[in-house]
Amino acid sequence: FMVAIGMSAATAVRVGNAVGRRDMPGMRAAGWVGTGLIVVIMLAIGALALTFPDVIARIYTSDTDVLAVAIPAMTLAAFLLVADGLQGVLIGALRGAGDIWPTTWIGLTAFWILMVPAGYGLGIALDWKVQGLLIAELIGVGAASVLLAWRFHVISRRDIAPV
C-alpha cells in the first residue's frame, strides 16, 4: 500500500497544479492517469500475492498456525490490494481538487456504515473468521472506490476554481 500512498500524493499534487492553472482537461487527465497507473501496479503486486502466497507469508512468520490462516487469506488480500490502491489514489485526486467533505462522507459511508457491520456479520456472526473480515474489507474498499471514482468523474466535468 505504500506505493498507493506515494501515487496518491503525486496525483493530488498534479491535480492541484492543474486546478491552480484552471486547466480542467489537465486536472481530469492527472486524476485518471494516477488512477490507471495504480490499478496496473496493484494488479502486478496482486498477481504476485496470488502466485506466491506461501513465499510471501513465510517472509513474516514460520509459525505453522499463523501460516495456516495467512496463506489462504492472501487470495483475498490480492484483490483487496487493487481496490485499496484505487481508493487511495482517488482520495488523492479529490484532495488535489479541494473536494474534501464529500470525500470524507464517502469514506464514512463505505467504511463505518458498510464495512464494519459486514465485518461483524461475516467474520463474527457467521464465523467466517479472517476470510469474513477480509470480504467485509473488500466490500468497504470496493464501495469507496466506486463512489470516489463517481465523485471524481462528477467534479472533473465542471469548472473548479483554485481553493
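Scroll up to find the structure.
Owing to the predicted nature of the structure, the values given are computational and were not obtained by experimental measurement.

Enquirer: I'm lost on the packing of aromatic side chains in this one. Help?
Expert: Working definition: an aromatic ring pair is given by the centre-to-centre distance plus the angle between the planes. Going through the model one piece at a time under the given rule, you end up with 1 aromatic pair. The interplanar angle of 80 degrees and the centroid separation of 5.1 Å between the aromatic rings of W32 and F152 together place this pair among those described as edge-to-face. On the criterion of sequence distance, the pair formed by W32 in helix α2 (residues 24-51) and F152 in helix α6 (residues 129-155) is long-range, its members being 120 residues apart. Judged by relative accessible area, which is 33%, W32 ranks as partly exposed.

Enquirer: Which parts of the structure should I look at to understand the pattern of salt bridges?
Expert: Side chains that differ in charge, positive against negative, can pair when their charged atoms come close. Enumeration according to the criterion identifies 3 salt bridges in this entry. Note that D23 is salt-bridged to R21, the shortest N-O span being 3.2 Å. Of the charged contacts in the structure, one is a salt bridge between D127 and K129, with a shortest N-O distance of 3.1 Å.

Enquirer: Mind showing me how you'd approach α2 here?
Expert: Given 3.6 residues to a turn, an α-helix orients residues that are three or four positions apart in the same direction. Look at α2: 40 Å from first C-alpha to last across 28 residues, which is about the 40 Å you get at 1.5 Å a residue. What α2 keeps buried is the set M24, G26, M27, A30, G31, G34, T35, I38, M42, G46 and A49. The secondary structure elements touched by the buried residues of α2 are α1 (2-20), α3 (53-60), α4 (64-96) and α6. Two or three places before G26, at the opening of α2, D23 has a side-chain oxygen 2.9 Å from that residue's backbone nitrogen.

Parameters at a glance
Residues numbered from 1 in each chain as written. Predicted model: local features only at pLDDT ≥ 70, side-chain atom pairs only at ≥ 80, totals over all residues. Heavy atoms only, no water. Phe/Tyr/Trp six-rings, centres within 6.5 Å; stacked < 30°, edge-to-face > 60°. Helix = DSSP H or I, 4+ residues; strand = E, 2+ residues; numbered from the N terminus. Buried < 20%, exposed > 50% of the residue type's maximum accessible area, 1.4 Å probe, protein only. Salt bridge = Lys/Arg side-chain N within 4 Å of Asp/Glu carboxyl O. Expected span 1.5 Å × (residues − 1). Contact = heavy atoms within 4.5 Å. Polar contact = N/O pair within 3.5 Å; in protein donor to acceptor, adjacent residues only side chain to side chain.

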